[in-house]
Amino acid sequence: MNGVPPPVTRFAPSPNGRLHLGHALSAIVAHDLARASGGRFLLRIEDIDGPRSRAELAEEFRRDLAWLGLTWEEVPAQSTRLSSYAAAAEALRARGLIYPCTCTRKEIEDAGARPGLEGLIYPGTCKHRAPDPARPAAWRLDAAKALAETGPLTWEDALAGPQQVDLSGLGDVVLVRKDLPASYHLAVTLDDAADGVTLVTRGADLCAASHVHRTLQALLGLPVPRWHHHPLLMGADGEKLAKRRRSPALAERREAGEDGQMLAAQLRVQHLALGT
Ligand code: GLU
Ligand code: ZN
């Protein structure tokens, strides 16, 4: 033993659509990285988006993962953790690190917002105005203020190496949605800390989000994991497989009698060819 504790990884699917090949790869990468060194692999159902989340899909996901030959420990779903999101949001609000924003998507477009890494970069319209209390408000991170508080931050990607936190590609992201007590960014950061995840694995398309998560860890005094953003499987046409709803869902392949462990083996080979 070299004294480094074995990693804790997780797969965190949202039950608002069926799992496809890209999800299978994410789950396999997380599972294998944990198992390779005697670590733990967690499953967390990210069902915060109540109206779009379907309990029967969570059950389908468990069958899909078992079919792929994976074993896991399941931790509580996001819907059971709403009070921790509210408490963290309140702490950020009390420190003036988030501000209310009543803008609609149309207003943000009309304000001439530039495209960023994940859609438009919020142009800051609400940062310097009192919100209209009659309109529903989301709460956005004041990225400039956050940076001033944290100073320069770094994070470590197992594949890409050391990264300098840079929020300029994302801007003042939403941390509390108009309709929910958290956004993906706030919920996933708090949950990974609460679950003791030490190696956050997910597709390279979510790499930009890690800059926000690292910032939140610094602001909220949370432990800092390592990250492993794996290359995405691409279809022959260059489209991301995870996003391609036309390709058969894992559940359809399973129900058609395909061998899931064989599929998992094929995905491992493809993944190696992509450069781990
Ligand atoms: N629920 C998110 C998704 O399915 C999890 C992303 C992540 O691993 O951080 O995209
Ligand atoms: Zn606004």
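Scroll up a little and you will see the structure.
Residues numbered from 1 in each chain as written. Chains lettered and ligands numbered in written order. Predicted model: local features only at pLDDT ≥ 70, side-chain atom pairs only at ≥ 80, totals over all residues. Heavy atoms only, no water.

Some details on the pairing of strand β2 (residues 40–43)
Bridge count between strand β1 (residues 8–11) and β2: four bridges; the pairing is parallel. Bridge pairing in β2 places Arg-10 opposite Leu-42. Handedness of the crossover is the feature at issue here: the chain leaves β1, passes through helix α1 (residues 21–36), returns alongside β2, and the resulting connection is right-handed. One ladder, built from two bridges, connects β2 with strand β3 (residues 73–74); its direction is parallel. Bridging from a neighbouring strand, Leu-43 pairs with Glu-74 of β3. Assessed by its sense of winding, the connection that carries the chain from β2 through helix α2 (residues 55–67) to β3 is right-handed. (Pairing = 2+ DSSP bridges. Helix = DSSP H or I, 4+ residues; strand = E, 2+ residues; numbered from the N terminus. Right-handed = clockwise from strand over helix to strand, strands pointing away.)

Description of the coordination of the zinc ion (ligand 2)
Protein ligation of the zinc ion (ligand 2) involves Cys-101 (SG), Cys-103 (SG), Tyr-122 (OH) and Cys-126 (SG), the donor distances falling in the range 2.0 to 2.3 Å. Read in sequence order, the donor residues coordinating the zinc ion (ligand 2) give the pattern C-x1-C-x18-Y-x3-C. Per residue, the accessibility class of Tyr-122 equals that of Cys-126, and both read buried. (Donors = N, O, S within 2.8 Å, 3.2 Å for Na, K, Ca; no water. Buried < 20%, exposed > 50% of the residue type's maximum accessible area, 1.4 Å probe, protein only.)

Quick word on the environment of Ala-86
Structurally, Ala-86 can be placed in helix α3 (residues 82–94). Judged by relative accessible area, which is 39%, Ala-86 ranks as partly exposed. C-alpha separation for the pair Ala-86 and His-213, spaced 127 residues apart in sequence, amounts to 17 Å.

Regarding the pattern of salt bridges
Scanning the model with the defined rule gives 24 salt bridges in all. As a salt-bridge pair, Arg-44 and Asp-195 come within 2.8 Å of each other at their nearest N and O atoms. Here Asp-195 lies in the loop between α6 (184–194) and β11 (199–203) and Arg-44 lies in the loop between β2 and α2, a separation of 151 residues in the sequence. With respect to burial, Arg-44 and Asp-195 carry one shared label: buried. For Asp-110, the salt bridge identified is with Lys-106, shortest N-O distance 2.6 Å. Taken together, the positions of Asp-110 and Lys-106, both in helix α4 (residues 105–110) and four residues apart, correspond to about one turn of that helix. Residue classification places Asp-110 among the exposed residues on the basis of a relative accessible area of 53%. Given the relative accessible area of 52%, Lys-106 is considered exposed. Ionic contacts of the salt-bridge type, sharing partners, join the residues Arg-10, Arg-44, Glu-46, Arg-81, Asp-191, Asp-192 and Asp-195 into one network. (Salt bridge = Lys/Arg side-chain N within 4 Å of Asp/Glu carboxyl O.)

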